[in-house]
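The primary structure of each chain is shown beneath.
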Amino acid sequence: MNKLRKKIREFKCNTLDWHKPIPTSTFDGVNLKSRCRYCNKVILKDSQGNWFSINRR
Ligand SMILES: [Zn+2]
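Scoring rules and cut-offs
Residues numbered from 1 in each chain as written. Predicted model: local features only at pLDDT ≥ 70, side-chain atom pairs only at ≥ 80, totals over all residues. Pairing = 2+ DSSP bridges. Helix = DSSP H or I, 4+ residues; strand = E, 2+ residues; numbered from the N terminus. Expected span 1.5 Å × (residues − 1). Buried ≥ 20, exposed ≤ 12 C-beta atoms within 10 Å, placed from the backbone. pLDDT = per-residue confidence, 0-100.

## Brief notes about the sheet that holds strand β4 (residues 51-53)
- A sheet is described by the order of its strands in space; here four strands give the open sequence β1-β2-β3-β4, paired in antiparallel fashion. The outermost strands of the open sheet, each flanked by one partner alone, are β1 (26-27) and β4.
- Pairing between strand β2 (residues 32-35) and strand β3 (residues 42-45): four bridges, direction antiparallel. Among the inter-strand pairings, Lys33 is bridged to a residue of β3, identified as Leu44.

Set out below in structure tokens:
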């Protein structure tokens, strides 16, 4: 069961580019910046409240 949940998280992070921020975030003057608690990527919050990674490939 835990393996499946991990797979789903990886799928969301890597394929859908949906991330879950850690509780701590910083404001860099333009965007709210945080880190994904699952994949540890640096993520930014857009004006609609969605988090996206800045080093997306
Ligand atoms: Zn992620």
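## A look at the pairing of β3
- Hairpin remark: β2 followed by β3, antiparallel, with six residues in the connecting loop; positive phi at Asn40, about 65°.
- Looking at chain direction, β3 and β4 are connected through three bridges and run antiparallel. Within β4, the position partnered with Leu44 by the bridge is Phe52.
- Here β3 folds back onto β4, and the loop between the two strands holds five residues, one of which, Gly49, carries a positive phi near 85°.

## Looking at helix α1 (residues 2-16)
- Compared with the 21 Å implied by 1.5 Å per residue over 15 residues, the 20 Å span of α1 between its first and last C-alpha is a close match.
- Across the 15 residues that make up α1, only a small minority, one, are buried.
- Looking at the residues trailing α1, positive phi occurs at Asp17, about 60°.

## Thoughts on the environment of Asp46
- Structurally, Asp46 is set in the loop between β3 and β4.
- Residue Asp46 is classed as exposed on the basis of its 10 C-beta neighbours within 10 Å.
- For the pair Asp46 and Glu10, spaced 36 residues apart in the sequence, the C-alpha separation amounts to 21 Å.

## What about the confidence of the model for the protein chain?
- Taken residue by residue, the protein chain gives an average pLDDT of 90. The fraction at 70 or more is 93%.
- Mean pLDDT across the secondary structure elements of the protein chain bottoms out at β4, with 91, and peaks at β2, with 95.

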